Amino acid sequence: MNTFKLHTIQSAPEGSVATLQAVNKNLGFIPNLYGILAESPPSAQSYFQLVKLLEHSALSSGEQEVIALVVSVENNCSYCVAVHSFLGRNYKVDEDTITALRGNKTCINTKLNALANFTRAVVRERGKAGVAEINAFLAAGYHNQHALEVVQIVAATTLSNYTNRLADTPLDIVFTKDAWI
């Protein structure tokens, strides 16, 4: 039985109100993930800040969505697969890549495929990617800074994935076209 409340700005604990207002200002609405996270002001604030810091990433927004989509598939989070499919498309990730990632398949784009494989290895091996994945990642043009930012995105996405799975977060209407499983 789901006991988590989907908060609004009006119902959120005082410590989460500013975060929800900032999310609403940035996105034009409050995704249900944030409505759930609002129950814990530190959780809502830390997730918001972790994601906000990625605006300064050396990885493109599209690459960040590829990583988040891979992590969400690995963690079997239907909510996040839908969200990151939608966002990936908005950041010009092609439909074939999104479809491949959603199905845990090989991407035609070799650079994104190396990124996806490296991300899968980081998730599956809890940070200990294999030599083959690391070499392919570096050969694709990525660097150590990118590897650390992959870890940051894995952490942020895992926080979201686990929250959504625990709370059985309902999918926002804007993401229903990308529903998964």
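The shown structure was predicted, so the numbers you read here are calculated from the model rather than taken from an experiment.

**Student:** What exactly am I supposed to notice about the side chain of Ser160 here?
**Tutor:** Inspection of the secondary structure puts Ser160 in helix α9 (residues 144-167). With near-sequence residues (within four places) excluded, Ser160 lies in contact with Leu33, Tyr47 and Cys80.

**Student:** Got a minute to help me understand helix α3 (residues 41-53) in this structure?
**Tutor:** If you check α3, its first and last C-alpha atoms are 18 Å apart, about what 13 residues at 1.5 Å a residue would give, namely 18 Å. Within α3 the residues assigned to the buried category are Ala44, Tyr47 and Phe48. Looking straight down α3, one finds that the buried residues subtend no more than 95° of arc, so they occupy a single side. Away from its buried face by more than 90 degrees, α3 exposes Pro42 and Leu53. At its buried positions, α3 is contacted by α1 (14-27), α2 (32-37) and α9.

**Student:** Just checking my understanding: could you explain the packing of helix α4 (residues 61-74) against helix α7 (residues 110-124) for this structure?
**Tutor:** Two numbers describe a pair of packed helices, the interaxial angle and the distance between the axes. Viewed as axis vectors pointing N to C, α4 and α7 meet at an angle of 40°, and their least axial separation amounts to 9 Å. The angle between the axes of α4 and α7 places the two elements in the oblique class. Relative to α7, α4 is oriented so that their crossing is right-handed. In this structure, α4 uses Glu63, Val66, Ile67, Val70, Val71 and Glu74 to contact α7, whose residues at the interface are Lys111, Leu112, Leu115, Ala116, Thr119, Arg120, Val123 and Arg124. Here the contact of α4 with α7 is composed, by residue class, of 8 nonpolar, 1 polar and 5 charged.

**Student:** Just checking my understanding: could you explain the nonpolar core for this structure?
**Tutor:** If you look at soluble globular proteins, the nonpolar side chains tend to sit buried side by side. Ile67, Leu101, Leu115, Phe118, Phe137 and Val150 are the most contacted members of the largest nonpolar core, which totals 30 residues. Elements with a minimum of two residues in this core: α4, α6 (95-102), α7 and α9. When near neighbours in sequence (up to four residues on either side) are disregarded, Phe137 contacts Ala114, Leu115, Phe118, Tyr142, His143, His146, Ala147 and Val150. With 18 residues, the next largest nonpolar core counts Val17, Leu37, Val83 and Phe175 among its residues.

**Student:** Where do I start with the side chain of Gln64 in this structure?
**Tutor:** Relative to the assigned elements, Gln64 resides in helix α4. Within the structure, Gln64 has its side chain in polar contact with the backbone oxygen of Leu54 (distance 3.2 Å). In contact with Gln64, not counting residues within four places along its chain, are Leu54, Ser57, Leu59 and Ile153.

The rules behind each value
- Residues numbered from 1 in each chain as written.
- Predicted model: local features only at pLDDT ≥ 70, side-chain atom pairs only at ≥ 80, totals over all residues.
- Heavy atoms only, no water.
- Helix = DSSP H or I, 4+ residues; strand = E, 2+ residues; numbered from the N terminus.
- Contact = heavy atoms within 4.5 Å.
- Expected span 1.5 Å × (residues − 1).
- Buried < 20%, exposed > 50% of the residue type's maximum accessible area, 1.4 Å probe, protein only.
- Arc of directions from axis to C-beta.
- Axes fitted to C-alpha atoms, helices over the stretch in contact; angles between N-to-C directions.
- Parallel < 35°, antiparallel > 145°, perpendicular 65-115°, else oblique.
- Left-handed = near helix turned anticlockwise from the far one by under 90°.
- Nonpolar A, V, L, I, M, F, W, Y, C, P; charged D, E, K, R; others polar.
- Core = buried A, V, L, I, M, F, W, Y, C linked by side-chain atoms within 4.5 Å.
- Polar contact = N/O pair within 3.5 Å; in protein donor to acceptor, adjacent residues only side chain to side chain.

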